[in-house]
Amino acid sequence: ADGSRNLSLDSVPMGLPMSDPTAWATAMNNLGMAPMGMTGQPLLPDFDPALGMMTGIPPINPMMPGLGIVPPPIPPDMPAVKEIIHCKSCTLFPPNPHLPPPATRERPPGCKTVFVGGLPENGTEQIIMEVFEQCGEVIAIRKSKKNFCHIRFAEEFMVDKALYLSGYRIRLGSSTDKKDTGRLHVDFAQARDDLYEWECKQRMLAREERHRRRLEEERFRPPSPPPVVHYSDHECSIVAEKLKDDTKFSEAVQTLLTWIERGEVNRRTANNFYSMIQSANSHIRRLVNEKATHEKEMEEAKEKFKLALSGILVQFEQIVAVYHSASKQKAWDHFTKAQRKNISVWCKQAEEIRNIHNDELMGIRREEEMEMSDEEIEDPAEMKETEESALVSQVEALKEENDSLRWQLDAYRNEVELLKQEQGKASRDEDTTKEQQLKLLQQALQGMQQHLLKVQDEYKKREAELEKVREDKLKIETLLETLKEQESSTSRICACSQEKECPAEKTVSSSPVKSEREALLVGIISTFLHVHPFGASIEYICSYLQRLDSKICTTEVEVLMTRLQHTFKQELSGVGASLEKRWKFCGFDELKMT
């Protein structure tokens, strides 16, 4: 509402006589401006229309009353031209568009105050208010005698609108006197009131953030245990019933404990508490029975584990026996060196694992024997029953140990036999090794000679084939030259007819889209840019496409879009260090042009 009230001024053209247009043009040229009438019509016929002025229509600028907005970003291919601003008692002429933008200091936090320099000497607070109240609600103006002032606005965004007027030339009325003209310089100003309000706002935001975090912590905090009810005869009867129930026993015992610790026991309630303690004592037998059942289940599980472990050990023994039998001479000589090495490694691994499991089983049995001996000491009446089970287990253990020792003896015997055979072979092979080496060398020389002969024959065949290929190549080249001459003569005759008959084929063959994947990319990019009419950077487009396909890269997309010049166009936006390349969709414009 305040903004609309501040911007409700009417744009009234200045009542200046226009009888002498040349004098008006001379005054505007002295200010460095293009000669332009108050209605927007050019005073000179050779005025450049590229400045964006339309004849008969007053120039639109963001500071005109009723608009009060910062202009939209200007496309990079169009020159950024500011327009003339007409006020009741003054006129603002834009700066030269070819000059660099005016410099500004770093924006202070929460800045709502601007410094305005270059004011005319005859300028008053009323004129300053008339110019700057179009940017927003003005709270205070502090004017100095040295042609500058400080203006404080109600909101921070109004400062950006005021900075738009930096560089404008101001003229009071129609006077060209030096005291009635000046060049405005608008910049950020550092004020203690702005800083104080900004700090208050930051503290308020911090308080809100702390409150929000506290609420989240309370929401994720685990709930506290339910409170214990106070003692009464009614609650006592309920707890007594719960104590008799096995499922609700733990909850009722906790309530009973809390009551006793609170000091609810007295002469009147002693009988009730005694009955509840007695019912709690009755659960001891149930708990002992449950413990016995769990111990029995654990013993059964131990027996199952022991049986399974013994079966695994038997299978390990069988595997080790297979390795030992394979290492005997009858089968060992038929294996290669690599196979023998693998068999020996596997045999060692299997023996190690077997020994580990055997030690584990023996440890379990020792523990059982120790437990049985403890039971014999504690319970001499049960000695007869445990002796039989111990003897049976000892017999089984001795059997398994006997089997393992027997397999180990067989393995050692096989190893001794292999060592004896290798020693005997070594003494016999010393005489025959030299003869075998000579035979092997002779065979190797014969093989090399035969290989050389084969290589020479192949070389001769290859040379003959190469000569044939060269002759065929010469013939093909002559044929190609004749065909090219014929095609050049016929293409001149049929060029016009082919262009008339198959224009569609040429367009298809010269199509910049080379695959179905590129066609899909063009469709997705065009719909994405159609939704973004002001364009988007190549990184933004690729980030959207990589959600659909992570293999897409920026170079591929940029090459595809540069090929399609009639569908996409690249523009520059921003000034100086903030220059940015943006892509826009121009397919509909190209269709209208065609």
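Residues numbered from 1 in each chain as written. Predicted model: local features only at pLDDT ≥ 70, side-chain atom pairs only at ≥ 80, totals over all residues. Heavy atoms only, no water.

- Under an unreviewed UniProt entry, the name given to the protein is ENOX2 protein, and the source organism is Eudromia elegans.
- Its UniProt record gives the protein a comment under Sequence similarities (unreviewed entry), which states: "Belongs to the ENOX family." (UniProt positions renumbered as here; feature names shortened; annotations may be inferred.)

## Comments concerning the UniProt feature "coiled-coil region" (unreviewed entry) in the protein
And then number 1: The sites that UniProt annotates as "coiled-coil region" (unreviewed entry) are residues 277-304 and 381-486.
And then number 2: Along residues 277-304, the helical share is 96% and the strand share 0%, with 41 Å between the first and last C-alpha atoms. (Helix = DSSP H or I, 4+ residues; strand = E, 2+ residues; numbered from the N terminus.)

## Points about the confidence of the model for the protein
And then number 1: Residues at a pLDDT of 70 or more form 78% of the protein, whose mean pLDDT is 78.
And then number 2: Here residues 1-33 scores under 50 on pLDDT; set against residues more than four positions off or in separate chains, the count is 51 contacts.
And then number 3: Scored below 50 in pLDDT, residues 37-70 shows 67 contacts in the model against residues more than four places distant or in partner chains. (pLDDT = per-residue confidence, 0-100. Contact = heavy atoms within 4.5 Å.)

## Structural notes on the side chain of Ser-526
And then number 1: Mapping Ser-526 onto the fold places it in helix H14 (residues 516-531).
And then number 2: Other than its neighbours up to four places away in sequence, Ser-526 contacts Phe-568 and Phe-585.

## What to know about a nonpolar patch on the surface
And then number 1: Residues Ile-260, Val-265 and Ile-277 make up a contiguous nonpolar surface patch of about 240 Å² in total accessible area.
And then number 2: Along the polypeptide, Val-265 turns up in the loop between helix H7 (249-262) and helix H8 (270-281). (Patch = residues over 30% accessible without salt bridge, like charges linked within 9 Å, V, L, I, M, F, W, Y side chains within 5 Å. Areas by Shrake-Rupley, 256 points an atom, 1.4 Å probe, with all protein chains shown as cover. Salt bridge = Lys/Arg side-chain N within 4 Å of Asp/Glu carboxyl O.)

## Things to note about the nonpolar core
And then number 1: Core analysis: the largest hydrophobic core is formed by 31 residues, its most contacted members being Val-116, Phe-132, Ile-151 and Phe-153.
And then number 2: Ignoring anything within four residues of it in the chain, the contact list for Ile-151 reads Lys-112, Thr-113, Val-114, Val-116, Ile-128, Phe-132, Val-138, Ala-140 and Ile-141.
And then number 3: In terms of nonpolar packing, the next biggest core, distinct from the first, is built from 17 residues, Leu-521, Ala-536, Ile-541 and Trp-583 among them. (Core = buried A, V, L, I, M, F, W, Y, C linked by side-chain atoms within 4.5 Å. Buried < 20%, exposed > 50% of the residue type's maximum accessible area, 1.4 Å probe, protein only.)

## Some remarks on the packing of helix H6 (residues 233-244) against H8
Working note: a packed helix pair is described by the angle between its axes plus the distance between those axes.
And then number 1: One can describe the packing of H6 onto H8 by two numbers: an axis separation of 9 Å at closest approach and a directional angle of 15 degrees. With respect to H8, the axis of H6 lies roughly parallel. Once H6 is placed against H8, the crossing between them reads as left-handed. Listed contacts from H8 to Asp-233, Cys-236, Val-239, Ala-240 and Leu-243 of H6 are Asn-272, Met-276 and Ser-279. (Axes fitted to C-alpha atoms, helices over the stretch in contact; angles between N-to-C directions. Parallel < 35°, antiparallel > 145°, perpendicular 65-115°, else oblique. Left-handed = near helix turned anticlockwise from the far one by under 90°.)

## A few points about empty space enclosed by the protein
And then number 1: Tallied over the full model, the rule gives 2 cavities of 30 Å³ or more.
And then number 2: What the second largest cavity holds in volume is close to 50 Å³.
And then number 3: If you go around the second largest cavity, the residues you meet are Leu-119, Pro-120, Gly-123, Ile-127, Ile-128, Val-131, Phe-132, Ile-170, Leu-172 and Leu-184.
And then number 4: Mapped by element, the contributors of at least two residues to the lining of the second largest cavity are helix H3 (125-132) and strand E6 (169-172).
And then number 5: For the lining of the second largest cavity, the class distribution of residues is 9 nonpolar, 1 polar and no charged. (1 Å grid on protein atoms, 1.4 Å probe; cavity = no way out; pocket = protein on both sides within 12 Å on 5 of 7 lines; lining within 4 Å. Points joined across faces, edges and corners; volume = space filled by probe spheres on them. Nonpolar A, V, L, I, M, F, W, Y, C, P; charged D, E, K, R; others polar.)

## Digging into the sheet that holds strand E1 (residues 85-86)
And then number 1: With antiparallel pairing, the 4 strands of this open sheet are ordered in space as E1-E2-E6-E7. Each edge of the open sheet is held by one strand with a lone partner, namely E1 and strand E7 (181-183).
And then number 2: Sheet analysis places strand E2 (residues 90-93) next to E6, joined by 4 bridges and oriented antiparallel. Bridge pairing links Phe-93 to Arg-169 in E6. (Pairing = 2+ DSSP bridges.)

## What about a positive patch on the surface?
And then number 1: Together, Arg-203, Arg-207, Arg-210 and Arg-214 make up a positively charged patch on the protein surface.
And then number 2: As for its position among the elements, Arg-203 is in helix H5 (residues 192-220).
And then number 3: Judged by relative accessible area, Arg-203 falls into the partly exposed class, the value being 42%. (Lys, Arg positive; Asp, Glu negative; His and termini not counted. Charge placed at Lys NZ, Arg CZ, Asp CG, Glu CD.)

## Examining the sheet that holds strand E3 (residues 113-117)
And then number 1: Strand order in the open sheet formed by 4 strands is E4-E5-E3-E8, with antiparallel pairing between adjacent strands. Only two strands of the sheet have a single neighbouring strand rather than two, namely strand E4 (138-143) and strand E8 (185-188). Between one strand axis and the next, the sheet turns through 20 degrees on average, direction left out of account.
And then number 2: Note that E4 and strand E5 (residues 148-153) share 5 bridges and pair antiparallel. Paired with Val-138 across the strands is Phe-153, a residue of E5.
And then number 3: H3 contacts E3, E4, E5 and E8 of the sheet and is inclined by roughly 140 degrees relative to E4.

## Description of the packing of aromatic side chains
The geometry of an aromatic ring pair is captured by the separation of the ring centres together with the interplanar angle, meaning the angle of the planes.
And then number 1: Scanning all chains against the criterion turns up 8 aromatic pairs.
And then number 2: Pairing Tyr-231 with Trp-259 gives two aromatic rings, centres 5.2 Å apart and planes at 85 degrees, and the pair type is edge-to-face. With Tyr-231 in the loop between H5 and H6 and Trp-259 in helix H7, the pair connects residues that are 28 residues apart, well separated along the chain. For the residue pair Tyr-231 and Trp-259, the accessibility class agrees, reading buried in each case. (Phe/Tyr/Trp six-rings, centres within 6.5 Å; stacked < 30°, edge-to-face > 60°.)

## Here we look at the pattern of salt bridges
And then number 1: For the structure on display, the rule yields 20 salt bridges.
And then number 2: One salt bridge in this structure joins Glu-556 and Arg-517, with 2.4 Å as the shortest N-O distance. Taken together, the residues Glu-556 in helix H16 (residues 554-563) and Arg-517 in helix H14 connect sequence positions 39 residues apart.
And then number 3: When its relative accessible area of 28% is taken as the criterion, Glu-556 is described as partly exposed.
And then number 4: Assessed through its relative accessible area of 36%, Arg-517 is described here as partly exposed.
And then number 5: Ionic pairing is found between Glu-518 and Arg-563, a salt bridge with its closest N-O pair at 3.2 Å.

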